Amino acid sequence: MQYIIAYFAVINCLTVFLTCIDKYKAKHNQWRIPEHTLITFGILGGTLAEYITMRIIRHKTRHKKFMVGLPIIFVLQIIVLTVILYRLIIVP
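The model shown is predicted, which means the values in this text are computed figures rather than measured ones. (Residues numbered from 1 in each chain as written. Predicted model: local features only at pLDDT ≥ 70, side-chain atom pairs only at ≥ 80, totals over all residues. Heavy atoms only, no water.)

**Q** Give me the lowdown on the packing of aromatic side chains, citing residues and values where you can.
**A** One pass over the full model with this rule turns up one aromatic pair. Relative to phenylalanine 8, the ring of tyrosine 7 has its centre 5.2 Å away and its plane inclined at 75 degrees; by these criteria the two rings are edge-to-face. Look at tyrosine 7 and you get partly exposed, because its relative accessible area is 38%. (Phe/Tyr/Trp six-rings, centres within 6.5 Å; stacked < 30°, edge-to-face > 60°. Buried < 20%, exposed > 50% of the residue type's maximum accessible area, 1.4 Å probe, protein only.)

Shown next, in the form of structure tokens:
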């Protein structure tokens, strides 16, 4: 269980870091982090942290891919996690 918590802590920290770096690079006309990389880190478990960070720093808030897509991914992740936990705990 502690490995799972550590994984999510690391992936969420990396996702927040990448999102903030992309915002910085956008403001300074530098090479940007590809959108598919940001989405991938969300899919890997950083969805909620990425969405909250984007709202706080006002980054990519006009992109439906992020403002609609990330919440959809998050809901799907919750459903999958619920099914997995149900099968592991309730129906052994």
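Here the narrative resumes, following the displayed structure.
**Q** Run through the pattern of salt bridges, naming residues and quoting values.
**A** Summed over the entire model, instances satisfying the criterion amount to four salt bridges. The salt bridge involving lysine 60 is made with aspartate 22; its shortest N-O contact spans 3.9 Å. With lysine 60 in the loop between α2 (35–57) and α3 (64–67) and aspartate 22 in helix α1 (residues 2–27), the pair connects residues that are 38 residues apart, well separated along the chain. One exposure class covers both lysine 60 and aspartate 22, and it is buried. Taking the shortest distance from any N to any O, the salt bridge between glutamate 35 and lysine 65 comes out at 2.9 Å. Highlighted residues: glutamate 35 in helix α2 and lysine 65 in helix α3, separated in sequence by 30 residues. (Salt bridge = Lys/Arg side-chain N within 4 Å of Asp/Glu carboxyl O. Helix = DSSP H or I, 4+ residues; strand = E, 2+ residues; numbered from the N terminus.)

**Q** I'd like a rundown of the nonpolar core, residues and numbers included.
**A** Within the largest apolar cluster, eleven residues are counted, these being Ile11, Leu18, Ile33, Leu38, Ile39, Phe41, Met54, Phe66, Met67, Leu70 and Ile73. Elements supplying a minimum of two residues to this core: α1, α2, α3 and α4 (69–90). Contact partners of phenylalanine 66, with chain neighbours within four places excluded, come to Glu35, Leu38, Ile39, Glu50, Tyr51, Met54, Lys60 and Pro71. (Core = buried A, V, L, I, M, F, W, Y, C linked by side-chain atoms within 4.5 Å. Contact = heavy atoms within 4.5 Å.)

**Q** An account of the confidence of the model for the protein is requested, with residue identities and associated values reported.
**A** Atom-level detail of predicted coordinates should not be read off regions where pLDDT is low. Here the protein averages 93 in pLDDT, and 99% of its residues register 70 or above. At the low end of the mean pLDDT range in the protein sits α4, at 91; at the high end sits α2, at 96. (pLDDT = per-residue confidence, 0-100.)

**Q** Can you explain the layout of surface pockets? Please cite residues and give values.
**A** There is about 240 Å³ of room inside the largest pocket. Lining the largest pocket are Phe8, Asn12, Ile43, Leu44, Gly45, Thr47, Leu48, Phe74, Gln77, Ile78 and Leu81. When residues in the lining of the largest pocket are grouped by element, the largest group, five residues, is from α2. For the lining of the largest pocket, a count of residues per class yields seven nonpolar, four polar and no charged. What the second largest pocket holds in volume is close to 180 Å³. Lining the second largest pocket, in full, are Met1, Ile4, Ile5, Phe8, Leu81, Ile84, Leu85 and Leu88. (1 Å grid on protein atoms, 1.4 Å probe; cavity = no way out; pocket = protein on both sides within 12 Å on 5 of 7 lines; lining within 4 Å. Points joined across faces, edges and corners; volume = space filled by probe spheres on them. Nonpolar A, V, L, I, M, F, W, Y, C, P; charged D, E, K, R; others polar.)

**Q** Outline the packing of α2 against α4, supporting the account with residue identities and numerical values.
**A** Taken N-terminus to C-terminus, the directions of α2 and α4 make an angle of 120 degrees; their axes are 9 Å apart at the nearest point. In terms of their interaxial angle, α2 and α4 are classed as oblique. Considering how the two elements wind past one another, α2 and α4 form a crossing that is left-handed. Residue-level inspection shows Ile39, Gly42, Ile43, Gly45, Thr47, Leu48, Glu50, Tyr51 and Met54 of α2 in contact with α4, the latter providing Leu70, Pro71, Ile73, Phe74 and Gln77. When the residues that make up the contact of α2 with α4 are grouped by side-chain class, the tally is nine nonpolar, four polar and one charged. (Axes fitted to C-alpha atoms, helices over the stretch in contact; angles between N-to-C directions. Parallel < 35°, antiparallel > 145°, perpendicular 65-115°, else oblique. Left-handed = near helix turned anticlockwise from the far one by under 90°.)

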